[in-house]
Amino acid sequence: MDVAQRSYVRGRGWSEPLPVELDSARTLVLAFGASDYLDDQAPLAELAAAFPRAHRVGCSTSGEIAGTRVQDGTLSVAVARFASTALATHVAPVDGTHSYDAGRALATGLVRDGLRAVLVLSDGLAVNGTELVAGINAVLPESVVVTGGLAGDGDRFRRTWVFDGRQAKSGCVVAVGLYGDRLVVGHGSKGGWDKFGPEREVTRSHGNVLHTLDGKPALTLYKEYLGDRAAGLPATALLFPLAIRTANDDKVLVRTVLAVDEAAGSMTFAGDIPQGCRAQLMRANFDRLITGAGDAALMTKHTAGDATTKLSIAISCVGRRLVLAERTEEELEATAEVLPPSSVQVGFYSYGEISPYATGRCDLHNQTMTLTVIGEAETR
């Protein structure tokens, strides 16, 4: 498996010439870039021209990851040519009311003998991430590792895009299936947030829209905790995600706010908030966030096994970046300390992360560092 990383900066072009010699039907090209590349798609067209046989996918970001660096306004690109792993790509339209159908369509388009892993990249705004994941899980067997994330748009929440191999566009989701016995996939997802305040019951919700907690308007309660920061909603809510769990269940998922409705007193989250579940606010602990990123890398070591040069896809939440600020790159350095030295890392800051909680079927996460490490085992 051969992997190369490149970056594109407006006015300067590519960091190095594109490795066109890696083009093949077994080549995966990942491109993560700023949301305004929706208006200027020339560098994406260059990728399509340079790698005509490859499977090309990507999405917009709230910051592009290249190694241990975070950049804005660029494209971060990885080109991975596999020795024996086969690839397939499927694209589906998505919106908030048909996200489950989009997930089923993606999975149905990819499921066949030899499927080992699926990488999913979705529009970050026109989607219900929980329903998207549920649709995927309804079709794929539990043995298939599903990871990925929701596209970002900084802290603006205005528009996101997905690259389907030909163009960047909103309102769609793309998935790549990876097939073969030599494929090795490791995954890990960790947070590092601290819970605070009382645990409350979700007394009224509909899908990913939260109306009341303990019978009180959710937005009113949220504003009480945010204080002066409430004026910056929804962006400031990224600093205070919500932990949810069902009664008598230790599995805690984190949800982050996408939008607020002042008139209704409701909040829209990146994933579902089931009625009757327990919810509790969370806040940042800088050192624990960075340690959490390293723990996610450690999780990949338990599942990746022995492989040749690996591609590491890092998908971290925009909320983590806003909290960590100038310390953001420390969480990328924490992953690099654990991953094999030969790893090439690219990725993006997202509006949601897709990964198994530990093992088994995938979940939608928010405010986590999620890593997917891909390689191929040596032939014997």
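Cut-offs used in this document
- Residues numbered from 1 in each chain as written.
- Predicted model: local features only at pLDDT ≥ 70, side-chain atom pairs only at ≥ 80, totals over all residues.
- Heavy atoms only, no water.
- Pairing = 2+ DSSP bridges.
- Helix = DSSP H or I, 4+ residues; strand = E, 2+ residues; numbered from the N terminus.
- Axes fitted to C-alpha atoms, helices over the stretch in contact; angles between N-to-C directions.
- Contact = heavy atoms within 4.5 Å.
- Phe/Tyr/Trp six-rings, centres within 6.5 Å; stacked < 30°, edge-to-face > 60°.
- Lys NZ or Arg CZ within 6 Å of the ring centre and 35° of its normal.
- Salt bridge = Lys/Arg side-chain N within 4 Å of Asp/Glu carboxyl O.
- Buried < 20%, exposed > 50% of the residue type's maximum accessible area, 1.4 Å probe, protein only.

### Quick word on the sheet that holds strand β6 (residues 69–71)
So, step 1. With mixed pairing, the six strands of this open sheet are ordered in space as β6-β5-β25-β24-β28-β14. Only two strands of the sheet have a single neighbouring strand rather than two, namely β6 and β14 (183–190). With strand direction ignored, the average angle separating the axes of adjacent strands in the sheet is 20°.
So, step 2. Alignment of strand β24 (residues 311–317) against strand β28 (residues 369–376), held across six bridges, turns out to be antiparallel. If you follow Leu 311 over to β28, its bridge partner there is Ile 374.

### Digging into the sheet that holds strand β13 (residues 172–179)
So, step 1. Spatially, β8-β13-β9-β10-β26-β27 is the arrangement adopted by the six strands of the open sheet, whose pairing is mixed. Each end of this open sheet is capped by a strand with a single partner; those strands are β8 (86–93) and β27 (362–365). The average angle at which neighbouring strand axes cross in this sheet is 15°, direction not considered.
So, step 2. Relative to β27, strand β26 (residues 352–356) runs antiparallel, the two sharing four bridges. If you follow Ser 355 over to β27, its bridge partner there is Asp 363.
So, step 3. Across the sheet, helix α2 (residues 99–110) touches β8, β9 (115–122) and β13, and the angle it forms with β8 is around 155°.

### What to know about the packing of aromatic side chains
So, step 1. Applying the stated criterion across every chain, the model contains six aromatic pairs.
So, step 2. Ring centres of Phe 157 and Tyr 351 lie 4.5 Å apart, and the angle between their planes is 10°; this geometry places the pair in the stacked category. Residue Phe 157 is found in the loop between β10 (145–150) and β11 (162–163), and its partner Tyr 351 is found in the loop between β25 (344–350) and β26; the two are separated by 194 residues along the sequence.
So, step 3. A cation over an aromatic ring shows up here: Arg 10 above the ring of Tyr 37, its NZ or CZ 4.0 Å from the ring centre.
So, step 4. The ring of Phe 196 is capped by Arg 283, whose NZ or CZ atom sits 4.4 Å from the centre of that ring.

### Focus on the pattern of salt bridges
As a working rule, side chains carrying opposite charge can pair if their charged atoms are close by.
So, step 1. If you walk through the whole model with that rule in mind, you get 19 salt bridges.
So, step 2. As a salt-bridge pair, Arg 81 and Asp 2 come within 2.9 Å of each other at their nearest N and O atoms. In this pair, Arg 81 is assigned in strand β7 (residues 74–81) and Asp 2 in strand β1 (residues 2–9), connecting sequence segments 79 residues apart.
So, step 3. Residue classification places Arg 81 among the partly exposed residues on the basis of a relative accessible area of 27%.
So, step 4. Residue Arg 327 pairs with Glu 330 through a salt bridge whose shortest N-O separation is 3.1 Å.

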